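Working through the structure, step by step
The chain contents come next:
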Amino acid sequence: MNAVLPERAAALLDEVRQRRPRVHCLMNGVVPKFVADGLSALGAIPSMTSSPEEVGHFVAKADALLVNLGTLDARRREAIGIAVGVAAERGRPWALDPAHCDYSPPRAAFAQELLARGPAVLRANAAEYDLLSVPAGVVAVRTGKQDRIAQNGAAFSVTNGHPLAAMVTGTGCLSGAVIAVFLAIEADPFIAASAAMVVFGIAAEMAGETATGPGSFEPALLDALANLGGAHILQFAKADHEQD
Ligand SMILES: Nc1ncnc2c1ncn2[C@@H]1O[C@H](COP(=O)(O)OP(=O)(O)O)[C@@H](O)[C@H]1O
Ligand SMILES: Cc1ncsc1CCOP(=O)(O)O
Ligand SMILES: [Mg+2]
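These lines cover the structure that appears in this document, whether it is placed above or below.

Calculation criteria
- Residues numbered from 1 in each chain as written.
- Chains lettered and ligands numbered in written order.
- Predicted model: local features only at pLDDT ≥ 70, side-chain atom pairs only at ≥ 80, totals over all residues.
- Heavy atoms only, no water.
- Near = heavy atom within 4 Å.
- Polar contact = N/O pair within 3.5 Å; in protein donor to acceptor, adjacent residues only side chain to side chain.
- Areas by Shrake-Rupley, 256 points an atom, 1.4 Å probe, with all protein chains shown as cover.
- Nonpolar A, V, L, I, M, F, W, Y, C, P; charged D, E, K, R; others polar.
- Buried < 20%, exposed > 50% of the residue type's maximum accessible area, 1.4 Å probe, protein only.
- Helix = DSSP H or I, 4+ residues; strand = E, 2+ residues; numbered from the N terminus.
- Pairing = 2+ DSSP bridges.
- Phe/Tyr/Trp six-rings, centres within 6.5 Å; stacked < 30°, edge-to-face > 60°.
- Lys NZ or Arg CZ within 6 Å of the ring centre and 35° of its normal.
- Axes fitted to C-alpha atoms, helices over the stretch in contact; angles between N-to-C directions.
- Parallel < 35°, antiparallel > 145°, perpendicular 65-115°, else oblique.
- Contact = heavy atoms within 4.5 Å.
- Arc of directions from axis to C-beta.
- Core = buried A, V, L, I, M, F, W, Y, C linked by side-chain atoms within 4.5 Å.

In the vicinity of ligand 2, the contacting residues are Asn28, Val30, Gly70, Thr71, His100, Arg107, Thr169 and Cys173. Here an oxygen atom of ligand 2 sits 2.7 Å away from a polar atom, N or O, in the main chain of threonine 71. Contact distances for ligand 2 include 2.6 Å between an oxygen atom and a side-chain N or O atom of histidine 100. Protein chains bury 70% of the 370 Å² of accessible surface belonging to ligand 2 in isolation. Residue classes in the shell around ligand 2 are distributed as two nonpolar, five polar and one charged.

In structure tokens:
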């Protein structure tokens, strides 16, 4: 166990609740409500518009941005281009979730283009992850039974989590949004992403204690994100530096 990360994650979670960062999410059309509810439960403030006319204004004053490529269409592509441009101009950190890029070569090509535009973090499931080449410097998070956070040869693995998370649509999308929350308050994206995965994984474990299936897991996860405190992190974090 790495002793420093849980303490850092606990301190960052307190800071989320105090500072209430606004995170703009360019979310797919399937799970925006769940993702917005998850961020609100955690203590952040979500904004969600994908209108090309407005998104630049929303991102200019947000504390971080999440770009999720699910249900991609021409208007979403336009909005994403504007949002990423404004984030770069204003120095706002952003995370990329290349949702389902393994189902569609044009989406995979767009994800690869976006990776060259300087996200702080990529969050992908194993199939999406294996398809992309991550530029040096971008923190690469591969989720699954074990979450792996890697940057420039260093890696953490987080084994917190619950199998019911894999049965609820949008848990991966929400985990990417939680990464963006931590990017808003922690300048080192490797620490931000690692802390986010520990927090999300422990919330999933707490939800799994009362849930009887995916239907009750979803609201239990929202409750756990709201009720999770620093003491839970110090007690339950399972995060280790990977050895070569
Ligand atoms: N077998 C598993 N056991 C525990 N947690 C899991 C498992 N599979 C996925 N998760 C968790 O579920 C969430 C979604 O992960 P994943 O399924 O990889 O992404 P996606 O929803 O984008 O396909 C992540 O928080 C991940 O840690
Ligand atoms: C993340 C996610 N999980 C199930 S549907 C969905 C949204 C993805 O939309 P698309 O069908 O365009 O890939
Ligand atoms: Mg999944």
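Now that the structure has been shown, we can carry on.
All right, on to the pairing of strand E3 (residues 64-68) then. Most of E3 sits out of view: five of its five residues are buried. Of the pairings in the sheet, the one linking E3 to strand E4 (residues 94-97) comprises four bridges and is parallel in character. The residue of E4 that forms the bridge with leucine 66 is alanine 95.

On to the site of ligand 1, then. Residues in contact with ligand 1 amount to 13 residues; listed here are only the nearest, Arg123, Asn125, Thr143, Gly144 and Asp147. Separating an oxygen atom of ligand 1 from a side-chain N or O atom of threonine 143 is a distance of 2.8 Å. A distance of 2.8 Å is found between an oxygen atom of ligand 1 and a side-chain nitrogen or oxygen belonging to aspartate 147. When ligand 1 is considered free in solution it has 540 Å² of accessible area, and contact with the protein chains removes 78% of it.

So, about the packing of aromatic side chains. Counted by the stated rule, this structure contains one aromatic pair. Arginine 142 extends its terminal NZ or CZ atom over the ring of tyrosine 129, reaching a point 5.8 Å from the ring centre.

To describe two helices that pack against each other, one gives the angle between their axes and the distance between the axes. Viewed as axis vectors pointing N to C, helix H1 (residues 4-19) and helix H7 (residues 171-185) meet at an angle of 85°, and their least axial separation amounts to 10 Å. As far as their axial angle goes, H7 and H1 are roughly perpendicular. In this structure, H1 uses Ala9, Leu12, Leu13, Glu15, Val16 and Arg19 to contact H7, whose residues at the interface are Val181, Phe182, Ala184 and Ile185. Here the contact of H1 with H7 is composed, by residue class, of eight nonpolar, no polar and two charged.

This paragraph deals with helix H5 (residues 105-115). Inspection of H5 places Arg107, Ala108, Phe110, Ala111, Leu114 and Leu115 among the buried residues, and these make up the whole buried set. Each buried residue of H5 sits inside an arc of 160° when the element is viewed along its axis, so together they form one side. H5 presents Pro105 and Glu113 as exposed residues on the side facing more than 90 degrees away from its buried surface. Looking at the packing, one finds that the buried side of H5 touches E3, helix H4 (74-90), E4, strand E5 (121-125) and helix H6 (126-131).

On to the nonpolar core, then. One finds Phe182 and Leu221 to be the most contacted residues of the largest nonpolar core, which totals 65 residues. Counting residues per element, this core draws most heavily on helix H8 (residues 189-210), which supplies 14 residues. The residues contacting leucine 221, other than those within four sequence positions of it, are Phe34, Thr171, Leu174, Phe200, Ala203, Ala204 and Ala207. Counting residues in each nonpolar core, the second largest holds 28 residues, with Val67, Leu69, Leu122 and Ala140 among its members.

Mapping aspartate 97 onto the fold places it in strand E4. Using a relative accessible area of 0% as the deciding quantity, one classes aspartate 97 as buried. A distance of 3.5 Å separates polar atoms of two side chains, one belonging to aspartate 97 and the other to asparagine 68. Excluding its chain neighbours within four sequence positions, the residues that come into contact with aspartate 97 are Leu66, Val67, Asn68, Leu69, Arg123, Glu128, Gly172 and Cys173.

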